[in-house]
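Each chain is listed here by its residues.
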Amino acid sequence: MEYHQDLIKKNYVFFIGLFLYCFIGLAFIQYYGRDELHLLINQNHTSFLDVFFKYFSKYGPLVFIVTILYIVIKKEKYKALFILLTSYLLNFIILTFVKKTFYIHVHRPTYYFEQKGIDLHLIEGVTSQIPFTFPSGHTAEAFLLMLFVCLLSKQKWIKYVAVVIAIMMAYSRVYLSKHFLIDTIAGALLGVFIMSMMYTLFQDKTSELLGRKIIK
């Protein structure tokens, strides 16, 4: 990892993708309304996307974190591992606090529309939950991890792939009716903010341990 890179300039591909997702998402929410937009997305489904997003959303986060940890432990210094783990932990703490303190009574789409007597297209095997919809934890985690991947890599194609994966995870949560679109926008911004903050705070920190390769 290059520790003195211009965060936005070096990773502009990722940040453009984040901006477009948030801007277009907010524009659609403003035009259709939160509920109507979710119903519109829910009505546009295919058998392939049902299966793909079901497993992508369920197993993707585990695959991402295990793969990234493997790369970091094999190739990077303890400093990179410290940035990754502290960001991941801080993201979890903030998400849990916000969900359970401020938005505990904001229900997920499945329960919300059930109370309104509106049937959604639901996928067999995808469990429904009631509270803790805002913000989207899966989305925050995906954008946090994919920004970290961009920080690790100098290859532009990897940055394109990373932002596409992050957006796909965000959309999958709406497609599966686990979240409203606004939940995923908030999650994306939170994940990127936390990773950006931790990278900026610790990019100049030095110590014998932080500068040591994990595997020599």
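Here is what the cut-offs are and how they apply
Residues numbered from 1 in each chain as written. Predicted model: local features only at pLDDT ≥ 70, side-chain atom pairs only at ≥ 80, totals over all residues. Heavy atoms only, no water. Phe/Tyr/Trp six-rings, centres within 6.5 Å; stacked < 30°, edge-to-face > 60°. Helix = DSSP H or I, 4+ residues; strand = E, 2+ residues; numbered from the N terminus. Buried < 20%, exposed > 50% of the residue type's maximum accessible area, 1.4 Å probe, protein only. Core = buried A, V, L, I, M, F, W, Y, C linked by side-chain atoms within 4.5 Å. Contact = heavy atoms within 4.5 Å. 1 Å grid on protein atoms, 1.4 Å probe; cavity = no way out; pocket = protein on both sides within 12 Å on 5 of 7 lines; lining within 4 Å. Points joined across faces, edges and corners; volume = space filled by probe spheres on them. Nonpolar A, V, L, I, M, F, W, Y, C, P; charged D, E, K, R; others polar. Axes fitted to C-alpha atoms, helices over the stretch in contact; angles between N-to-C directions. Parallel < 35°, antiparallel > 145°, perpendicular 65-115°, else oblique. Left-handed = near helix turned anticlockwise from the far one by under 90°. Disulfide = S-S within 2.5 Å. Patch = residues over 30% accessible without salt bridge, like charges linked within 9 Å, V, L, I, M, F, W, Y side chains within 5 Å. Areas by Shrake-Rupley, 256 points an atom, 1.4 Å probe, with all protein chains shown as cover. Salt bridge = Lys/Arg side-chain N within 4 Å of Asp/Glu carboxyl O. Lys, Arg positive; Asp, Glu negative; His and termini not counted. Charge placed at Lys NZ, Arg CZ, Asp CG, Glu CD.

## Thoughts on the packing of aromatic side chains
Then comes step 1: A complete count under the given rule lists 20 aromatic pairs for this structure.
Then comes step 2: Geometrically, the ring pair formed by Phe-113 and Phe-180 is tilted, given 6.0 Å between the ring centres and 55 degrees between the ring planes. Taken together, the residues Phe-113 in helix H6 (residues 109-115) and Phe-180 in the loop between helix H8 (156-175) and helix H9 (181-202) connect sequence positions 67 residues apart.
Then comes step 3: Taking relative accessible area as the criterion, Phe-180 reaches 0% and is therefore assigned buried.
Then comes step 4: Look at Tyr-171 and Tyr-175: their rings are 6.3 Å apart centre to centre, the planes differ by 45 degrees, and that puts the pair in the tilted class. One end of the pair is Tyr-171 and the other is Tyr-175, both in helix H8 and four residues apart, which spans about a single turn.
Then comes step 5: With a relative accessible area of 30%, Tyr-171 lands in the partly exposed category.
Then comes step 6: One aromatic cluster is present, formed by Phe-48, Phe-52, Phe-53, Phe-56, Phe-64, Tyr-171 and Tyr-175 through successive ring pairs.

## Side note on the nonpolar core
Then comes step 1: Grouped together as the largest cluster of nonpolar side chains are 54 residues, with contacts concentrated most on Met-1, Val-72, Met-146 and Phe-148.
Then comes step 2: When residues of this core are traced back to their parent elements, those giving at least two are helix H2 (12-32), helix H3 (34-43), helix H4 (47-75), helix H5 (78-101), helix H7 (137-152), H8 and H9.
Then comes step 3: Looking at which element gives the most residues to this core, the answer is H7, with 12 residues.
Then comes step 4: The residues contacting Phe-148, other than those within four sequence positions of it, are Met-1, Ile-68, Val-72, Ala-80, Ile-83, Leu-84 and Met-195.

## Quick word on unusual backbone geometry
Then comes step 1: Along the chain, Phe-134 connects to Pro-135 via a cis peptide bond; the corresponding omega equals -10 degrees.
Then comes step 2: Mapping Pro-135 onto the fold places it in the loop between H6 and H7.
Then comes step 3: Not every positive phi belongs to a glycine, and Ser-177 is a case in point at roughly 60 degrees.
Then comes step 4: One can find Ser-177 in the loop between H8 and H9.

## Observations regarding empty space enclosed by the protein
Then comes step 1: Summed over all chains, the structure comprises one cavity of 30 Å³ or more.
Then comes step 2: Quantified by volume, the largest cavity comes out at close to 60 Å³.
Then comes step 3: Every residue along the wall of the largest cavity is listed here: Arg-108, Thr-110, His-121, Leu-122, Ile-123, Val-126, Thr-127, Ser-128, Gln-129, Leu-176, Ser-177 and Lys-178.
Then comes step 4: Classifying every residue of the lining of the largest cavity gives four nonpolar, six polar and two charged.

## Notes on the packing of H7 against H9
Then comes step 1: Between H7 and H9, whose axes approach to 7 Å, the crossing angle comes to 40 degrees. By the angle class used here, H7 and H9 are oblique. Viewed along their axes, H7 and H9 form a crossing whose handedness is right-handed. Contacts from Thr-139, Ala-140, Phe-143, Leu-144, Leu-147, Phe-148 and Leu-151 in H7 reach Thr-184, Gly-187, Ala-188, Gly-191, Val-192, Ile-194, Met-195, Ser-196 and Tyr-199 in H9.
Then comes step 2: Split by residue class, the contact of H7 with H9 holds 11 nonpolar, five polar and no charged.

## Comments concerning the state of the cysteines
A covalent bond between the sulfur atoms of two cysteines is what we call a disulfide.
Then comes step 1: For the coordinates displayed, the defined rule picks out zero disulfides.
Then comes step 2: The thiol sulfur of Cys-22 is not disulfide-bonded, and the nearest other cysteine sulfur, from Cys-150, lies at 15 Å.
Then comes step 3: Looking at Cys-22, the relative accessible area reads 9%, which means it is buried.

## Quick look at a positive patch on the surface
Then comes step 1: Judged by side-chain charge, Lys-74, Lys-75, Lys-77 and Lys-213 come together as a positively charged surface patch.
Then comes step 2: Relative to the helices and strands, Lys-77 is located in the loop between H4 and H5.

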